[in-house]
Every structure is written in C-alpha cells, then in structure tokens.
Amino acid sequence: MKWPPAEPHSVEWTGEAYLSGPISSDQAGGFLLSVVDFINSCSGDQIRLAPDKFIQVCKRLKDQVMQLQVPLQGVALRTAIRKLQTSSEQLTTIHSDFLLLCILAKSYKTGLSILEDDILEVDQPRDLFLYYYYGGIIYIGLKRFRTALECLHNVVTAPMTTLNAIAVEAYKKYILVSLILNGQVPSFPKYTSSTAQRNLKNHTQPYIDLSACYASGKYSDLEAFIQSNVEKFQSDNNLGLVKQVLSSLYKRNIQRLTQTYLTLSLQDIANAVQLKTPKEAEMHVLRMIQDGEIFATINQKDGMVSFHEDPEQYKTCEMAEHIDSTIQRLMALSKKLRSIDEQISCDPAYVSKIGRERPKFDFDDFDSVPHRFI
Amino acid sequence: MASSSSSGLTFKLHPLVILNISDHHTRVKAQNQHLSSASASSAAANGGDAATAAAALPPLPRVFGCVIGVQRGRTVEIFNSFELLYDPHSHTLDRCFLEKKQELYKKVFPNYYILGWYSTGTDAQESDMQIHRALMDINESPVYVVLNPSINHSQKDLPVTIYESELHVIDGIPQLIFVRANYTIETVEAERISVDHVAHLKPSDGGSAATQLAAHLTSIHSAIKMLNSRIKIVHQHLLAMQRGEIPCDNSLLRQVSSLLRRLPAMESEKFQDEFLTEFNDTLLMTYLAMLTNCSSTMSELVDKFNVTYDRHSRRGGRTAFI
C-alpha cells in the first residue's frame, strides 16, 4: 500500500486510507509497517490539529498488533504519544494502549520513559484509570514497589461518581503492594471520592482479611490463610503478588526486631521470625542489608548481628545538591498548586456552593476555630 | 598644606568620635534646614532641577568641637569628643565654655586629656590655624580632625582626615602648617556592636521577618563583594610585582604571606564536615518549610474540590448542621 509524502496532507490521507474496513491477514504485515512509518515521519503540529483521526489510526494499530500477537511492534506508539501531546504533562488515550502493549510484550523498560513524566492534564477519566493501572503493573514487574504504590494510589483516589472495575482491581493490587512495602494498608486520604470510600472495601474482602492476617505477624497463619483462598487470588491473577507478600512477612518481622534489640544472634532471629535455620536467617538479613532496608553488620565468628542507625550524616556535597534539587522541584510544584487553587476559588460551581451554605449558620454552632470560606 | 607628617606619632581613632562628629553635623544641619525650609521648598518647586535646588539650599554648616583621649608615648588614642561653641565673627572657640566642659569630662573620665579639636569640611583652611594656635596652650601639639560630610558613594574610605601642625620654613619665614597624619581605627567590643547596630538601622515598618532577612542578606552580600574586590586588587598587585612592573615591596609581601598562612584553617576536614552539616541543616529546614507550605495549599485545594464536586462529601465538623 503506497502512500503519498506525509508532510502536506497527513490528516486527509489517514482518513481515507486506514479506516476503510477490516484488513486481511496477509495485508496485515504491510499494514503495520506502513503505519509505523507514517507515525515516525508525520508532523506533530498537523496531528495536533486533528487528533481524533490520529487516535483512531493508533487504535487500529493496537488492535492489529494484539490480534497478530506481536505487541513489540507497537513500540511506535511511543513516538505517536510524543507527537500527539501538546506538553509532556498531558495524558492522551494512546498512553494506556502503549502501556498495555508493553505489558503484553513483557518489556517493561520501554514503558519507563513515558511513565517517568508527571501527568498534570487529563482529558478522559478512563484514560487516567487505565494508564495508572497499567503503570502500576509495570512497576510491580520491575519490582519498584514504591512507584507502583503511587500509581495505584492515583487510581484508587481518582474522582469517580460510580465504582468502576479498574478501581476495584487496582485496589486489590494496592493492598498487596502496600503490604509488601510498608507492612500495613493506609486508610483512605480525604481526597478519595466517597464512592470509592464506601464501596471499594465491599468488593475486595479476601484482601482485607489477608491484611488483617498479615498484621498478626505469624508466618504459619498467613500461609494457611493464603492456601485456603488460593483460587480467589488465582482468578484475579494476583497469586504471584500474594506469594511476594508472604515472603515479605519475614522482612517485616526482622525490621521489627531492629527496633527492640541492638544485637541479636542468628539463632534468636530464626526463632523470632519462625525461620527454620540460622543459615536462612543470615541469608534474609544479608539480602536486606544489600537492599538497604536495614543497617546491620553480621559477625561471622559468633553469629551475632548488630543493628545500627542510619549512617547518613548529611555531610556530603551530593546530599546538598540532592536536597537543593528537591527544593527546586517542590517550588515548581507549589506554584502549580497555587494556580490551581486560585482557579478553583473562582470556579462558579464552588462559589455557588459556598454561598448557599452561608445563611444556614447559627452563631451558637460555631466552634472557636476560625474558618475560611473563600 | 597637606603633606605627610613626619612626627612619628601613631594616631588611633575610635569610631565613637566619628559618630559624634557626624551626629553633631546632622543635628545642626537639620535645625538649619527647618529654619530655612520655606525658602528652600519654593526654590525646589520651580523647575525641580536638582542643580538649582541644591544651589538654593544654604551651604553645609561647619560644626566645631573638641576631641579628648590619651597619649601614651608615641601613640595618641582619641576616644571621645564633645561640641564647642564657635564664634563666626572672631573665628574663635568659646574658651570658658570649653573649660567648663573640660572640667565636667575630667570628673567622669579622669584619664582623658584634650588632644585637639574637630571640624567638618573638605579640607583644612587658613582660618583654622587660628583656632589651632588657640588650643596650643592646652596641648602643645593638638590634632585637627576633619570630617567631610558630603556623601560620596564612589569613595570607599572614611572621609576623615587627621592633621598635625608642624613648623616649616617657607620663604625664609617659619610657619605653622597643617600636615596630614596617618591613623588607624581602633574599636572596643562595645563600640563594634553599637556601630554595627547603627549601620543597620532599618525603617520603622521593617519589622517583618522577610525584610529583616533581606536586609541581613544584603549586608552580607555587600561585605562579601567588598572582600572579593579587595582580594582582586591584592592579587593583581602581586601579579604586577611578579611581572616586574612594580618594584618589589618586601613588607607588603610579608603581610600578604601572613594573611595567606591563616587560610589553612579552612581546608581541614573538620571544617568541611561542620560546614556541610550546617549547610545541609539549613537546606533541610527550607525543604521542610516548603513541604509544609505545599501541604497546606494542597489541603485547602482538596477541601475546595470536595465541596465543589463531591455531592455527598462529609461535612466533617467544618460546617454547622441546623
């Protein structure tokens, strides 16, 4: 399928050529190549003037790629995203498709360049949910649990008027990842929508029970609980994650020991954490030291482990630069927040709601803390 | 009139004297301006040209006074000063007033003797010799301190000159002329604090923390700038000496090397550690302040958002139920 030079009439040409019905499988290879070529060479400004057709083209590409089971060819979507975005902070529909293809291809690193950008503008809420859900999965695959938690947190706390399945699934993974990372599930922050707060817990009961069992700290109990519910976890495709939760229980218990003891023998550690041999305890402690989760030294001769404080003295130039760059980022963020705050203060919906509440006040009901109403 | 003194006396001037003279001058100027303000303002209203307005103002008044201090051997240390009455017609200082004041000051500071006198102006004038001679019966070699009250921003040094009187033979006639003498500024700890305080006087409404911080930082900045420019001067001088453009001055070189030998105190590892710790602490505090700021903005934003968009938002005790 030949196509005329891309620059002058990218938009009209896409309209005619690609939306014209199903493509047979022998033509499909050529189709993919030409679409990828087109995406790589089209001009971003023209695309931004007529985004819908371009998005449809990309969706066809994604469907074809998934049908042919060659998701890796969908990497061209990354260039497509960059061309469609007006700024690197905007979320488009193509984002979630691209991440989906990355997950299917199991090449998580390709998705990272897109994921690292902060998102500050969103058109469609569905895009946001899918994007962060897939983002969370990618980070879990890369074992970067902290960032995964942030992504899933965004899904769970995003504004929603009715419950959607993406949020439910995300909440299940959210519970598991926060157990692995922090050992506990945090309560909903106040910016979670009330729909989420009321309904999410009802749909994820086995996970809530899992976290309750985890809190008790006993390895054997947790193991038994997981065994009994293994089908439920399996059906949600979360069994791998649940197994990681189980192994993280050891880490949690060892960390708890650092708060009580200064030195401990490997045998005692093994007993306290319900490990079978001191060798296993040593292995666990060693891995935790390497990951930077605890600070300790193992004395091989008498099998004693001494726990230390965080040796960071904040005396280095690198620390100064690090803090400085964080402060700069925070200042930029603060500016953005203030501008959004001003926007919402002038929003007519907000002002009308505030105005409506005023006449209902009775002076006796005021508490002594002053409130701000605008 | 102003060649270099050869008496070999070292003069030490305390900042209190300088402040006193400047204060005296400012007060007299302010009182005079108040009296002649009518004429000055009418002149300024016509045209607003700075030159004509300045010309319409009365010339800066000269003030006179006495300096007291201690003379030990070859060192003359001027500690304090007081004002004197000046008779413009006879060009003399009021003698009995001076003696009364001297008695009073003797009671408080028994060690201080009258060392000389001061005046404001740009240079020593002929008429000043009369006053100088009159003082010579109290102190056989009085000093004459002159303060130049005109503000010159480009001039970096103090506008204070000290003159001595010397007998020179000019055209066969022995005459007493003024010769410039070198002096150093000597401060006691208390004086340093008060001078610092006076130098940093802020306007009355500058009480907020932000303006104080800005003033503090500006003063540090200007001090560092001055240090930087002076180091550059010394450096260029040394380079020129190395190239041979200026004759080698060994005493200067000795001073520079003694200054440089003080520097290694800063290169030690302990200094680096402490410096970086303190620097990082300050950064962390700024970070914390920014975080708190951001969190509070965020919290307000979230509240407003909830009020606007969430139909069933929890009232949470912020509003009252009927």
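Conventions and cut-offs
- Per chain, the residues get numbers from 1 upward, laid out in the order the sequence is written.
- All chains are assigned letters beginning with A, and all ligands numbers beginning with 1, in the order in which they are written.
- With the structure being a predicted model, the display of local features is reserved for residues of pLDDT at least 70 and the display and counting of side-chain atom pairs for 80 or more, all residues being used for whole-chain, interface and lining totals.
- Just so you know, side-chain values use all the structure's heavy atoms and leave hydrogens and water out.
- UniProt positions are given in the numbering used here, feature names are shortened, and annotations may be inferred rather than shown by experiment.
- Numbering of helices and strands runs from the N terminus, with a helix taken as a DSSP run of H or I at least four residues long and a strand as a DSSP run of E at least two residues long.
- Burial here depends on accessible area, computed with a 1.4 Å probe over protein chains only, as a share of the maximum for the residue type. Under 20% is buried, over 50% is exposed, and the range in between is partly exposed.
- Contacts are assigned to residue pairs with any non-hydrogen atoms lying within 4.5 Å of each other.
- The Shrake-Rupley method, run with a 1.4 Å probe, gives the accessible areas here. Residue values count only the displayed protein chains as cover.
- Side-chain atoms within 4.5 Å link the members of a nonpolar core, which is a set of buried Ala, Val, Leu, Ile, Met, Phe, Trp, Tyr and Cys residues.
- Paired strands, as defined in this entry, are two strands with at least two bridges between them according to DSSP.
- Think of each axis as a best-fit line through the C-alpha atoms, taken over the contacting stretch in the case of a helix, with angles from 0 to 180 degrees between the N-to-C directions.
- Residues qualify for a patch when their relative accessible area is over 30% and they have no salt bridge, like charges being joined within 9 Å and the nonpolar side chains of Val, Leu, Ile, Met, Phe, Trp and Tyr within 5 Å.
- Definition used for salt bridges: Asp or Glu carboxyl oxygen within 4 Å of a side-chain nitrogen of Lys or Arg.
- Any angle from 65 to 115 degrees is called roughly perpendicular, while one under 35 is roughly parallel, one over 145 is roughly antiparallel, and all others are oblique.
- Residues were grouped as follows: Ala, Val, Leu, Ile, Met, Phe, Trp, Tyr, Cys and Pro as nonpolar; Asp, Glu, Lys and Arg as charged; and all remaining residues, including Gly, as polar.

Looking at an unreviewed UniProt entry, chain B carries the name COP9 signalosome complex subunit 6, with the source organism given as Ananas comosus. Per its UniProt entry, chain B bears the Function (unreviewed entry) comment "Component of the COP9 signalosome complex (CSN), a complex involved in various cellular and developmental processes."

An unreviewed UniProt entry annotates chain A as COP9 signalosome complex subunit 3 of Ananas comosus. Per UniProt, chain A has the following entry under Sequence similarities (unreviewed entry): "Belongs to the CSN3 family."

Engineer: Break down the overall build of chain B for me, with residues and values.
Structural biologist: Within chain B one finds nine helices and 10 strands. Of all 322 residues assigned to chain B, the portion counted as buried reaches 26%. The long-range share in chain B, meaning contacts at least 24 apart out of those at least 6 apart in sequence, stands at 63%. Carbon and sulfur atoms make up 59% of the accessible area of chain B, which amounts to about 21,400 Å² in all.

Engineer: Any chance you could break down the overall build of chain A for me, citing the residues and the numbers?
Structural biologist: Assigned secondary structure in chain A consists of 19 helices and five strands. Within chain A, contacts between residues at least 6 apart in sequence are counted, and of these 63% link residues at least 24 apart. Of the accessible surface of chain A, which amounts to about 20,400 Å², a share of 54% is contributed by carbon and sulfur atoms.

Engineer: Could you give an account of the nonpolar core, naming the residues involved and the relevant values?
Structural biologist: Of all hydrophobic cores here, the largest spans 94 residues; its most connected members are Phe54 and Ile269 of chain A. Here this core gets 11 residues from one element, more than from any other, and that element is helix 10 (residues 165-182) of chain A. Dropping the residues within four chain positions of it, Phe54 of chain A is found in contact with Phe38, Cys42, Ile47, Ala80, Leu84 and Ile94 of chain A. Judged by nonpolar contacts, the second largest core, of 21 residues, contains Leu93, Ile131, Leu176 and Phe178 of chain B.

Engineer: Lay out unusual backbone geometry with the relevant residues and their values.
Structural biologist: All names here are of chain A. In this structure, Lys106 is a non-glycine residue whose phi angle is positive, near 60°. With respect to the element layout, Lys106 can be found in the loop between helix 6 (93-105) and helix 7 (108-115). Accessibility expressed as a relative area gives 62% for Lys106, which makes it exposed. Not every positive phi belongs to a glycine, and Lys143 is a case in point at roughly 60°. Position of Lys143 among the secondary structure elements: in the loop between helix 8 (125-141) and helix 9 (145-157). Accessibility expressed as a relative area gives 52% for Lys143, which makes it exposed.

Engineer: Which residues make up the sheet that holds strand 4 (residues 296-299) of chain A, and what values go with them?
Structural biologist: Residue and element names in this part refer to chain A. Sheet architecture is open: three strands sit in the order 3-5-4, paired in antiparallel fashion. The strands lining the two open edges of the sheet, one partner per strand, are strand 3 (263-265) and strand 4. Going from strand to strand, the sheet's axes swing by 20° on average, the running direction of each strand aside. Helix 17 (residues 278-291) contacts strand 4 and strand 5 (304-307) of the sheet and is inclined by roughly 145° relative to strand 4.

Engineer: A description of a nonpolar patch on the surface should follow, citing residues and the corresponding values.
Structural biologist: Residues and elements named next belong to chain B. The grouping of Leu213, Leu217, Ile220 and Ile224 at the surface amounts to a nonpolar patch, some 370 Å² of accessible area in total. Note on placement: Ile224 falls in helix 7 (residues 209-243). A relative accessible area of 51% means that Ile224 is categorised as exposed.

Engineer: So what's going on with the packing of helix 10 of chain A against helix 12 (residues 205-216) of chain A? Which residues, and what values?
Structural biologist: All names here are of chain A. At a closest axis distance of 10 Å, the pairing of helix 10 and helix 12 adopts a crossing angle of 10°. The orientation of helix 10 with respect to helix 12, classified from their angle, is roughly parallel. Between helix 10, through Tyr171, Lys172, Ile175, Leu176 and Leu179, and helix 12, the contact on the second element is made entirely by Tyr207, Ile208, Leu210, Ser211 and Tyr214. Class assignment of the residues belonging to the contact of helix 10 with helix 12 gives a composition of eight nonpolar, one polar and one charged.

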